[in-house]
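One letter stands for each residue in the lines below.
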Amino acid sequence: MVKGIDRFSLDGKRALVTGGANGIGKAIAAALSAAGARVIVSDLDDAAARATAAELGGEALHLDVTDPGGVEAVAAETGALDILVNNAGIVHNGPAVEIAMEDWHRVLDVNLTGIFTTARCFGRAMVAAGKGSVVSISSICGHVPVWPQPQIAYNAAKAGVNLLTKSLAAEWAACGVRVNAIAPGYTATDLTLAGRSKPEWFNVWLERTPMGRLADPDEIAGVAVFLASDAASYVTGTVLTVDGGYTAL
Ligand SMILES: NC(=O)c1ccc[n+]([C@@H]2O[C@H](COP(=O)([O-])OP(=O)(O)OC[C@H]3O[C@@H](n4cnc5c(N)ncnc54)[C@H](O)[C@@H]3O)[C@@H](O)[C@H]2O)c1
């Protein structure tokens, strides 16, 4: 083996992916598993989590990231993980002047507070063990307000994820725990289904993406494997953008 290549291997590592039953989370769970990790697929959607876990030879677990007590209990039961992927997320579109406060809170609860809850509940055992890698799925929407669809709560939550990532990275660096995020551009999953069916949105998405297409979830997953692995041993506090050039313009 070429020196250094085995640093990408996740052999012997234990990983948990939130929202791992579908979309980007499912692709990440599959990629972590292919790289050698034992993967726990956690989700709200129990049937899909079981199906994904069965495909990968992993374990399925019910986990709602908006339920701190539930996350705490699962974390206590699971013990120290090597890899936590904070992936669960939802979107809400609507003009800022019209968005109902309950929609604002729902998006912030899942996409920002949910990441804080899971990171600190599972992070506690990582910090005690002195090792681990946390990877959170942010978005290009944490860097720039995407166009033309209004989604103030989603954008604000993802910007929060970016600084949450840097803050945890700074706190936990001395404990041997790395914390990073990935900022994907538009990706072909259920989350973008509604937008893809609206030509007045979808054509703008493609025009504003230099590569002229959406990402396949697998194209996000490879980056998660890198950040989870020892190949990224000096990478912490970064938000790695994977967007076909969207934020280059
Ligand atoms: N699809 C994109 O274009 C895109 C772009 C950038 C970032 N992202 C981010 O990637 C992540 C995954 O999105 P996706 O596109 O795969 O979406 P998706 O809708 O295909 O999958 C999301 C998964 O999260 C689960 N989930 C939702 N709420 C949950 C909760 N409270 N607790 C646990 N699980 C929950 C769902 O059941 C589902 O399995 C999200 O954080 C999203 O914001 C997506």
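Everything numeric in this text was worked out from a predicted model, so none of it was measured.

Enquirer: Would you mind going over the packing of helix 3 (residues 68-78) against helix 4 (residues 101-129) in detail, with residue names and values included?
Expert: Contact pair helix 3 / helix 4: the axes reach a minimum separation of 9 Å and the direction vectors enclose 25°. One finds that helix 3 runs roughly parallel with respect to helix 4. Here the hand of the crossing between helix 3 and helix 4 comes out right-handed. Touching Pro68, Val71, Glu72, Val74, Ala75 and Thr78 of helix 3 are Thr117, Thr118, Cys121, Phe122 and Arg124, all from helix 4. The residue inventory of the contact of helix 3 with helix 4, partitioned by class, reads 6 nonpolar, 3 polar and 2 charged.

Enquirer: Report on the nonpolar core, specifying residues and quantitative values.
Expert: Core analysis: the largest hydrophobic core is formed by 30 residues, its most contacted members being Leu10, Ile28, Leu32, Val39, Val85 and Ile182. When contributions to this core are tallied by element, the ones reaching two or more residues are strand 1 (14-18), helix 1 (23-34), strand 2 (38-43), helix 2 (46-56), strand 4 (83-86), strand 5 (132-137) and helix 8 (217-228). Leaving out residues up to four positions away in the same chain, Val39 has contacts with Ala15, Val17, Ala29, Leu32, Ser33, Gly58 and Glu59. Core analysis: the next-biggest nonpolar cluster, separate from the first, contains 22 residues, Ile115, Met126, Leu168 and Ala169 among them.

Enquirer: Explain the site of the ligand residue by residue, including any values.
Expert: Taken together, 28 residues surround the ligand, and among them Asn22, Asp43, Tyr154, Thr187 and Thr189 come closest. At 2.7 Å, a side-chain N or O of Asn22 approaches an oxygen atom of the ligand. Within the backbone of Val65, a nitrogen or oxygen atom sits 3.1 Å from a nitrogen atom of the ligand. Taking 830 Å² as the accessible area of the ligand by itself, protein coverage stands at 92%. Split by residue class, the shell around the ligand holds 11 nonpolar, 12 polar and 5 charged.

Enquirer: Outline the pairing of strand 2, supporting the account with residue identities and numerical values.
Expert: Most of strand 2 is tucked away: 5 of the 6 residues are buried. One ladder, built from 5 bridges, connects strand 1 with strand 2; its direction is parallel. Looking at strand 2, one finds that Val17 is bridged to Val41. As a crossover connection, the stretch from strand 1 through helix 1 into strand 2 is right-handed. The sheet contact formed by strand 2 and strand 3 (residues 59-62) spans 4 bridges and is parallel. Looking across to strand 3, one finds that Ser42 is bridged to Leu61. As a crossover connection, the stretch from strand 2 through helix 2 into strand 3 is right-handed.

Enquirer: Outline the packing of aromatic side chains, listing residues and values.
Expert: Overall, the coordinates contain 4 aromatic pairs when judged by the stated rule. Note on Phe8 and Phe226: the rings are 6.3 Å apart at their centroids and 35° apart in plane angle, and the pair reads as tilted. Highlighted residues: Phe8 in the segment before strand 1 and Phe226 in helix 8, separated in sequence by 218 residues. In this structure Phe226 comes out as partly exposed when scored by relative accessible area, which is 25%.

Enquirer: Give a detailed account of the side chain of Thr187, specifying residues and quantitative values.
Expert: Among the secondary structure elements, Thr187 is positioned in the loop between strand 6 (177-184) and helix 6 (193-196). Relative accessible area serves as the criterion here: at 4%, Thr187 is assigned to the buried category. In this structure the side chain of Thr187 is engaged in a polar contact, spanning 2.8 Å, whose partner is the backbone oxygen of Gly185. When near neighbours in sequence (up to four residues on either side) are disregarded, Thr187 contacts Ile24, Thr192, Leu214, Ala215, Asp216, Pro217 and Ile220.

How each quantity is defined
- Residues numbered from 1 in each chain as written.
- Predicted model: local features only at pLDDT ≥ 70, side-chain atom pairs only at ≥ 80, totals over all residues.
- Heavy atoms only, no water.
- Axes fitted to C-alpha atoms, helices over the stretch in contact; angles between N-to-C directions.
- Helix = DSSP H or I, 4+ residues; strand = E, 2+ residues; numbered from the N terminus.
- Parallel < 35°, antiparallel > 145°, perpendicular 65-115°, else oblique.
- Left-handed = near helix turned anticlockwise from the far one by under 90°.
- Contact = heavy atoms within 4.5 Å.
- Nonpolar A, V, L, I, M, F, W, Y, C, P; charged D, E, K, R; others polar.
- Core = buried A, V, L, I, M, F, W, Y, C linked by side-chain atoms within 4.5 Å.
- Buried < 20%, exposed > 50% of the residue type's maximum accessible area, 1.4 Å probe, protein only.
- Near = heavy atom within 4 Å.
- Polar contact = N/O pair within 3.5 Å; in protein donor to acceptor, adjacent residues only side chain to side chain.
- Areas by Shrake-Rupley, 256 points an atom, 1.4 Å probe, with all protein chains shown as cover.
- Pairing = 2+ DSSP bridges.
- Right-handed = clockwise from strand over helix to strand, strands pointing away.
- Phe/Tyr/Trp six-rings, centres within 6.5 Å; stacked < 30°, edge-to-face > 60°.

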